[in-house]
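# Fold and contact review
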Amino acid sequence: MSEDEVFVLVISVVFGVIGMARNSTSAFPSLSFRGNPALGIVRVSVIASMLWIASVLWNYADPSVTGVYVFFYLVMGYGAVKMYGQTMAAAFGASTQQDAGERRNVAAALVIAALTISTGMIFGGSLWGEADPLSDYEGGWWIPVIFFHLGWGCLMGAFALYLRRDKGKFSHQIRRERNVPAARAAGAFLLSCAVPLTEAVSGDFWGWRHGLSSVGIIGALLIAHELFASWNGGGGDHAEMDVTKFDTRRIAETVAYLAIGSAAWGLHRLADRWWGPG
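Below: a short report on this structure. (Residues numbered from 1 in each chain as written. Predicted model: local features only at pLDDT ≥ 70, side-chain atom pairs only at ≥ 80, totals over all residues. Heavy atoms only, no water.)

With respect to the helices and strands, the residue Ala-61 is situated in the loop between α2 (37-59) and α3 (68-87). C-alpha separation for the pair Ala-61 and Leu-127, spaced 66 residues apart in sequence, amounts to 5.7 Å. (Helix = DSSP H or I, 4+ residues; strand = E, 2+ residues; numbered from the N terminus.)

In structure tokens form, the structure reads like this:
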């Protein structure tokens, strides 16, 4: 391993250790685990995320990812899952220790699990494919790291827009009200966004322009969806909206999706013609 790879490995270990410390429940009394589905949900989400990452590494990653590099990317994935997924959920009012452990809050556990799995999906997707299908170039750790951060950034941007138009304070709904339907809806949204983002960051690496544009297109579609979802003609529920305004919004939303998709298709082909596939 090179010096920069050792440095990245150390940073990943630090992330993993901090994530373990911030979310550890090992010091809790045994009664905290008895009849507490919240902790089980959180733990299963971490295990599922790591199994997904391991499956990608062993079956779909670049052929050069063998031996110590499998361990290298597993450690990176664990650090990402613990810090970007499980720990980051506390920013939205869902803490593993306080809410899932002490308060047995299933709503908080669902949010933590959804963000954890979404993070693991995107990181695993960033490892999928060959670094350079047309040559023996083995790539490097910076390719999955950059694509992971782009995908995860799009996820957070879309979720921020989701929370912006959500009625009431999300953390209050999750922590105080223990609103399981609200948590379930947020979790479904996160996972639904993670699926196309995982697709966007995965696949063979044909060049930065090609890869970055793919992520940008998915991000643009997600942001467009949320912007149109927040357009309610001046406030109020859909049931209270003027039917004409609602139809206008849906028509504009459909046109916007088609325009983004058509523009992306055309620009990709123009760029390939002028500069090649990379």
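Moving on from the coordinates now.
Now for the pattern of salt bridges. All told, the structure shown has 2 salt bridges when counted by the stated rule. Note that Asp-99 and Arg-103 form a salt bridge whose closest N and O atoms lie 2.9 Å from each other. Relative accessible area serves as the criterion here: at 31%, Arg-103 is assigned to the partly exposed category. Here Asp-99 and Arg-175 are joined by a salt bridge, their closest N and O atoms 3.0 Å apart. Note that Asp-99 is positioned in helix α4 (residues 96-102) and Arg-175 in helix α7 (residues 170-175), a separation of 76 residues in sequence. (Salt bridge = Lys/Arg side-chain N within 4 Å of Asp/Glu carboxyl O. Buried < 20%, exposed > 50% of the residue type's maximum accessible area, 1.4 Å probe, protein only.)

Turning our attention to the packing of aromatic side chains. On inspection of all chains with the given rule, the structure shows 12 aromatic pairs. Consider the rings of Phe-123 and Phe-148, whose centres lie 5.4 Å apart with planes at 75°: the pair is edge-to-face. Placement of Phe-123 in helix α5 (residues 106-126) and of Phe-148 in helix α6 (residues 142-164) is noted, with a sequence separation of 25 residues between them. Owing to a relative accessible area of 2%, Phe-148 belongs among the buried residues under this scheme. Each ring, one from Trp-141 and one from Trp-142, has its centre 6.0 Å from the other, and the planes form 80°; the classification is edge-to-face. What makes Trp-142 partly exposed here is its relative accessible area of 32%. Put simply, the rings of Phe-15, Tyr-84, Phe-123, Phe-148 and Trp-152 pair up and form one aromatic cluster. (Phe/Tyr/Trp six-rings, centres within 6.5 Å; stacked < 30°, edge-to-face > 60°.)

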